[in-house]
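In case you want the letters, here they are:
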Amino acid sequence: MQHYTSDPCPCGSGRRYADCCAWLHTAGGGESNAEALMRSRYSAYVLKLADYLLASWHPSTRPPSLDLDDGARWLGLEIKACRQQDESHASVKFVARYRIDGRGHRLRETSRFVREAGRWFYVDGEIAA
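Residues numbered from 1 in each chain as written. Predicted model: local features only at pLDDT ≥ 70, side-chain atom pairs only at ≥ 80, totals over all residues. Heavy atoms only, no water.

1. Thoughts on the overall build of the chain
Scanning the chain from terminus to terminus reveals three helices and four strands. Of the regular secondary structure in the chain, the N- to C-terminal order runs α-α-α-β-β-β-β. Over its C-alpha trace the chain gives a radius of gyration of 14 Å, about what one expects of a compact globule, namely 14 Å for 129 residues. Looking at the 129 residues of the chain, the share that counts as buried comes to 38%. Accessible surface computed for the chain: about 7400 Å², of which carbon and sulfur atoms make up 47%. Counting 18 positive and 16 negative side-chain charges, the chain places the centres of these two groups 6 Å from one another. (Helix = DSSP H or I, 4+ residues; strand = E, 2+ residues; numbered from the N terminus. Rg over C-alpha atoms; globule rule 2.2 N^0.38 Å. Buried < 20%, exposed > 50% of the residue type's maximum accessible area, 1.4 Å probe, protein only. Areas by Shrake-Rupley, 256 points an atom, 1.4 Å probe, with all protein chains shown as cover. Lys, Arg positive; Asp, Glu negative; His and termini not counted. Charge placed at Lys NZ, Arg CZ, Asp CG, Glu CD.)

2. Considering the pairing of strand 4 (residues 119–128)
Across nine bridges, strand 3 (residues 103–116) lies against strand 4 in antiparallel orientation. For Arg 112, the partnering residue across the bridge sits in strand 4 and is Asp 124. As consecutive antiparallel partners, strand 3 and strand 4 are separated by two residues, and within that stretch Ala 117 has a phi angle of approximately 50°, a positive value. (Pairing = 2+ DSSP bridges.)

3. A few points about helix 2 (residues 34–47)
When the terminal C-alpha atoms of helix 2 are compared, their 20 Å separation across 14 residues agrees well with the 20 Å that a helix rising 1.5 Å per residue should span. Within helix 2, the full set of buried residues consists of Ala 34, Leu 37, Met 38, Arg 39, Ser 40, Arg 41, Tyr 42, Ser 43, Ala 44, Val 46 and Leu 47. At its buried positions, helix 2 is contacted by helix 1 (22–27), helix 3 (50–55), strand 1 (73–86), strand 2 (89–100), strand 3 and strand 4. The opening residue of helix 2 is Asn 33, an N-cap whose side-chain oxygen sits 3.1 Å from the backbone nitrogen of Glu 35. (Expected span 1.5 Å × (residues − 1). Contact = heavy atoms within 4.5 Å. Polar contact = N/O pair within 3.5 Å; in protein donor to acceptor, adjacent residues only side chain to side chain.)

Purely geometric stuff here, so don't read any function into it on its own.
Below, the structure written as structure tokens:
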């Protein structure tokens, strides 16, 4: 999917992609907090940036590869809560809306993040029914 830097960012921040997630995607890190990483990862799913998703996934839980050609059309992200447990651990509760084969879905998850050597990583998530 082509996305231009002047377009609104897919993460729903209200900022232009160039001023939001684009630099995280191209620089490969530097997120200031777990919410910024969550938003950049959502945008990466929208834009099918598998390399960024894998690089931002903690090595202890990272899959060997990702197949992003599942037909999903991502429609929006809503951050419900962010919780900073300590300097290196945080969680983000969110709802992501998407459509597959014309049918709408909602992914409700509480994601866990860890910061190592100044960089945030996605660890895992608990999906809510």
